[in-house]
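These are the residues of each chain, in order.
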Amino acid sequence: PPSMPMHGYFQGKYNAEQKLLESYPDGHVILRPGFIYGRRNLGSVQLPLQLIGAPINIVGNHLGPISSLIQSVPFVGKE
């Protein structure tokens, strides 16, 4: 839902994959890069995206059974 944190980020990735599936129905490869790091300008403040990405990476990849459960969710999956 749009109220979900980072909805635009995940929706953008989903939209790109749907366009690829539509454009290449007979065969395709979709690469899913990990979290994009850098800085995001929020008005006059620069937010270092690793403040968001690092905790997501830990939860998604380094917490044993919890990470396995998260990785089994369609679209979220493994990086």
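Now for a look at the structure at hand. Residue positions are given per chain, counting from 1 as you read along its sequence in written order. In keeping with the predicted nature of the model, local features appear solely for residues at pLDDT of at least 70, side-chain atom pairs appear and are counted solely at 80 or more, and the whole-chain, interface and lining totals rest on all residues. The basis for the side-chain values is all heavy atoms of the structure; hydrogens and waters are excluded.

Now for the overall build of the protein. Secondary structure is summarised from DSSP: a helix means a run of H or I of at least four residues, a strand means a run of E of at least two, and numbering begins at the N terminus for each. Along its length, the protein carries three helices and two strands. Ordered by position from the N terminus, the helices and strands of the protein form the series α-β-β-α-α. Counting over 79 residues, the protein shows a buried share of 10%. Contact between two residues is taken to exist if any of their heavy atoms lie within 4.5 Å; hydrogens are not considered. Considering only residue pairs separated by 6 or more positions, the protein has 25% of its internal contacts joining residues 24 or more positions apart. For every residue, the accessible area (1.4 Å probe, protein chains only) is compared with the maximum for its type, and the residue is labelled buried under 20%, exposed over 50%, or partly exposed between those bounds.

On to the environment of Pro-33, then. The topology assignment puts Pro-33 in the loop between α1 (7-23) and β1 (39-42). For Pro-33, a relative accessible area of 47% gives the class partly exposed.

By the convention used here, strands pair only if DSSP detects at least 2 bridges between them. As paired elements, β1 and strand β2 (residues 45-48) share four bridges and run antiparallel to each other. Note that in β2 the partner of Arg-40 across the bridge is Leu-47.

Turning our attention to the pattern of salt bridges. When a carboxyl oxygen of Asp or Glu is within 4 Å of a side-chain nitrogen of Lys or Arg, the pair counts as a salt bridge. For the structure shown, the criterion picks out one salt bridge. With its nearest N and O atoms 3.3 Å apart, the salt bridge here joins Lys-19 to Glu-22. One end of the pair, Lys-19, and the other, Glu-22, are both in helix α1, three residues apart, so they sit about a helical turn from each other.

A separate point is a nonpolar patch on the surface. Within this analysis, patches are made of residues with over 30% relative accessible area and no salt bridge. Like charges are joined at 9 Å or less; nonpolar side chains (Val, Leu, Ile, Met, Phe, Trp, Tyr) at 5 Å or less. The Shrake-Rupley method, run with a 1.4 Å probe, gives the accessible areas here. Residue values count only the displayed protein chains as cover. Taken together, Ile-58, Val-59, Leu-63 and Ile-66 make up a surface patch of nonpolar side chains, about 320 Å² in accessible area. With respect to the helices and strands, Leu-63 occurs in the loop between α2 (50-61) and α3 (65-71). Taking relative accessible area as the criterion, Leu-63 reaches 38% and is therefore assigned partly exposed.

What follows covers the environment of Gln-50. Checked against the element boundaries, Gln-50 lands in helix α2. Assessed through its relative accessible area of 38%, Gln-50 is described here as partly exposed. For Gln-50, the contacting residues outside a window of four places in its chain are Tyr-37, Gly-38 and Pro-55.

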